[in-house]
Amino acid sequence: KAGVTQTPRYLIKTRGQQVTLSCSPISGHRSVSWYQQTPGQGLQFLFEYFSETQRNKGNFPGRFSGRQFSNSRSEMNVSTLELGDSALYLCASSSSDYGYTFGSGTRLTVV
Amino acid sequence: SQQGEEDPQALSIQEGENATMNCSYKTSINNLQWYRQNSGRGLVHLILIRSNEREKHSGRLRVTLDTSKKSSSLLITASRAADTASYFCATDAGGNNRLAFGKGNQVVVIP
């Protein structure tokens, strides 16, 4: 069974630009969550999608958005990038109360 | 303090020794999970313990949960160099499909 796939693995963007990250969950998993990891703030919940609907949202500004497609693949978008958005962005999929499977992450560097 | 917060430790142990990490949380939980992360890559799910369980084993891992003290511990027995990683606890309050992570414990196993 293929794991959670995140693309791209690395990104370098300039302040003010926007970026789109992609996540393909494990086949059959309908819930996709996104987390941001930084040295200062640790792992923080961004949002969670289930059947194309955002069910939960963390405490992030509106520049952070996401969506989920009918095949459960998810994308997150960050507009007007700031230096502080540099982080490892992790996606996780789950199917039940069993734990989450995380992807390898996308490391975003904003310069 | 943040829910799912480990005692901030950086453990350095010899191969073959046991490693113990602790985690405390603040609110009621549905379950508590432990994850491992190698060198800033994705999180690997290790073990999940439900709120009505007190102890759980998985291979060389032993997790305990004390809901009266709102704390958990992870024991890795007979450590190996490959256990070198950061370990995170995460709480799931249930019903909102989001994990609250602690700051993590860095464990270095010296061969």
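Residues numbered from 1 in each chain as written. Chains lettered and ligands numbered in written order. Predicted model: local features only at pLDDT ≥ 70, side-chain atom pairs only at ≥ 80, totals over all residues. Heavy atoms only, no water.

Our focus in this paragraph is the overall build of chain B. Secondary structure summary: chain B contains zero helices and 11 strands in total. Overall, chain B shows an N-to-C arrangement of helices and strands of β-β-β-β-β-β-β-β-β-β-β. Since a compact globule built from 111 residues should have a radius of gyration of about 13 Å, the 13 Å found for chain B is in line with a globular shape. Projected onto its principal axes, the C-alpha positions of chain B cover 40 × 25 × 20 Å. Split into buried and exposed, the 111 residues of chain B put 43% on the buried side. At a minimum sequence separation of 6, the contacts of chain B that also span at least 24 residues come to 54%. Where the 13 positive side-chain charges of chain B centre and where its 10 negative ones centre are 5 Å apart. (Helix = DSSP H or I, 4+ residues; strand = E, 2+ residues; numbered from the N terminus. Rg over C-alpha atoms; globule rule 2.2 N^0.38 Å. Buried < 20%, exposed > 50% of the residue type's maximum accessible area, 1.4 Å probe, protein only. Contact = heavy atoms within 4.5 Å. Lys, Arg positive; Asp, Glu negative; His and termini not counted. Charge placed at Lys NZ, Arg CZ, Asp CG, Glu CD.)

Okay, the state of the cysteines next. All names here are of chain A. One pass over the structure, following the stated rule, counts two disulfides over all chains. In this model, Cys-23 is linked to Cys-91 through a disulfide, with the two sulfur atoms separated by 1.7 Å. One quick way to see it: the torsion about the S-S bond of Cys-23 and Cys-91 is about -50°, and its sign makes the bridge left-handed. Placement of the pair is Cys-23 in strand E3 (residues 19-24) and Cys-91 in strand E9 (residues 87-94), with a sequence separation of 68 residues. (Disulfide = S-S within 2.5 Å.)

On to the interface of chain A and chain B, then. Contacts between the two partners involve 24 residues from chain A and, on the opposite side, 21 residues from chain B. The contact between chain A and chain B buries some 1800 Å² in all, and 43% of this surface belongs to carbon and sulfur atoms. Applying the counting criterion to the chain A and chain B interface returns zero salt bridges. The interface formed by chain A and chain B includes three residue pairs in polar contact (both at pLDDT 80 or more). (Buried area = accessible area lost by both parts, 1.4 Å probe. Salt bridge = Lys/Arg side-chain N within 4 Å of Asp/Glu carboxyl O. Polar contact = N/O pair within 3.5 Å; in protein donor to acceptor, adjacent residues only side chain to side chain.)

The subject of this paragraph is the environment of A:Ser79. Residues and elements named next belong to chain A. By the element assignment, Ser-79 lies in the loop between strand E8 (74-78) and E9. Residue classification places Ser-79 among the partly exposed positions, given a relative accessible area of 23%. Not counting the four nearest positions on each side in its chain, Ser-79 is found in contact with Gln-17, Gln-18 and Arg-63.

Let us look at the confidence of the model for chain B. Residues with a pLDDT of 70 or more make up 91% of chain B, whose mean pLDDT is 89. Per-element confidence in chain B is highest for strand E7 (residues 61-66) of chain B, whose mean pLDDT is 98, and lowest for strand E1 (residues 5-6) of chain B, whose mean pLDDT is 58. (pLDDT = per-residue confidence, 0-100.)

It is worth spelling out the environment of B:Ile76 at this point. Residues and elements named next belong to chain B. Looking at where Ile-76 falls in the secondary structure, it is placed in strand E8 (residues 71-76). Sequence separation of Ile-76 and Gly-16 is 60 residues, and the distance between their C-alpha atoms is 9.9 Å. With near-sequence residues (within four places) excluded, Ile-76 lies in contact with Glu-17, Asn-18, Ala-19, Met-21, Arg-60, Leu-61, Asp-83 and Tyr-87.

Here we come to the sheet that holds strand E1 (residues 5-7) of chain A. Residue and element names in this part refer to chain A. Taken in spatial order, the four strands line up as E1-E3-E8-E7 in an open sheet, and their pairing is antiparallel. Since the sheet does not close on itself, it has two edges, and those belong to E1 and strand E7 (64-68), each with one partner. The average undirected angle you get between the axes of adjacent strands in this sheet is 15°. Taken together, the five bridges between E7 and E8 define a ladder with antiparallel strand orientation. Looking across to E8, one finds that Phe-64 is bridged to Val-78. (Pairing = 2+ DSSP bridges. Axes fitted to C-alpha atoms, helices over the stretch in contact; angles between N-to-C directions.)

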